[in-house]
Amino acid sequence: MISYMENKRILERIPVSIEVEYDHLEDIKGKIININDKGALVEQKITLPPGCCLDMHFKLPHSNNTIKAFGKVVWQEQNISTYGLMGIEFLEISKPIFN
């Protein structure tokens, strides 16, 4: 049996293109490029450091329901000339991503 700590990516990530906004960071917006029930990969101009916690909200494609989540940046990669990436772990989420 594989424990969660041995393989954090047991759940499949689904490629998407979803705008994400943060509740207390009005000037920073990003785009979720893949997602599952445990977290998301976010692309944006300014990345935040690992350990930073975020209140965020987004809508899944073909849905009018807003999903609210509280997450933590677990890693980031910033390229000075282009967009950076952040791996975000969901600590709380208002609805499951997939049913």
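It should be emphasised that the depicted structure is a prediction, and the values quoted were computed from it without experimental measurement. (Residues numbered from 1 in each chain as written. Predicted model: local features only at pLDDT ≥ 70, side-chain atom pairs only at ≥ 80, totals over all residues. Heavy atoms only, no water.)

Participant: Looking at this structure, how should I read the sheet that holds strand 2 (residues 29–36)?
Facilitator: Backbone hydrogen bonds are what pair the strands of a sheet, in a parallel or an antiparallel way. Taken in spatial order, the 6 strands of this closed barrel run 1-2-3-6-5-4, and their pairing is antiparallel. Neighbouring strand axes in the sheet, compared pairwise and without regard to direction, differ in orientation by 45° on average. By the bridge criterion, 5 bridges tie strand 2 to strand 3 (residues 39–44) in an arrangement that is antiparallel. For Ile32, the partnering residue across the bridge sits in strand 3 and is Val42. (Pairing = 2+ DSSP bridges. Helix = DSSP H or I, 4+ residues; strand = E, 2+ residues; numbered from the N terminus. Axes fitted to C-alpha atoms, helices over the stretch in contact; angles between N-to-C directions.)

Participant: Would you explain the environment of Phe58 in this entry?
Facilitator: By secondary structure assignment, the location of Phe58 is in strand 4 (residues 53–59). For Phe58, a relative accessible area of 2% puts it in the buried group. For the pair Phe58 and Val20, spaced 38 residues apart in sequence, the C-alpha to C-alpha distance is 4.9 Å. Not counting the four nearest positions on each side in its chain, Phe58 is found in contact with Ile18, Glu19, Val20, Ile32, Ile35, Asn65, Thr66, Ile67, Ala69, Phe90 and Ile97. (Buried < 20%, exposed > 50% of the residue type's maximum accessible area, 1.4 Å probe, protein only. Contact = heavy atoms within 4.5 Å.)

Participant: In this structure, what is going on with the state of the cysteines? I would like to understand it.
Facilitator: Put plainly, two cysteines are in a disulfide when a covalent bond ties their sulfur atoms together. Taken as a whole, this structure holds 0 disulfides when the rule is applied. Here Cys52 stays unpaired: no disulfide links it, and the sulfur of Cys53, its closest cysteine neighbor, is 6.8 Å away. The exposure class of Cys52 is partly exposed, given its relative accessible area of 23%. (Disulfide = S-S within 2.5 Å.)

Participant: I would appreciate a short explanation of the pairing of strand 4 in the present structure.
Facilitator: Side-chain direction in a regular strand flips from residue to residue, so the side chains alternate between the two faces of the sheet. Residues Leu54, Met56 and Phe58 line the buried face of strand 4, whereas the alternating positions Cys53, Asp55, His57 and Lys59 sit on a face that is not buried. Bridging between strand 1 (residues 14–22) and strand 4 involves 3 bridges; their strand directions are antiparallel. Bridge pairing links Tyr22 to Met56 in strand 4. Where strand 4 hands over to strand 5 (residues 66–77), the hairpin turn is made up of 6 residues, of which His62 adopts a positive phi near 65°.

So yeah, pure geometry; function would need other evidence.
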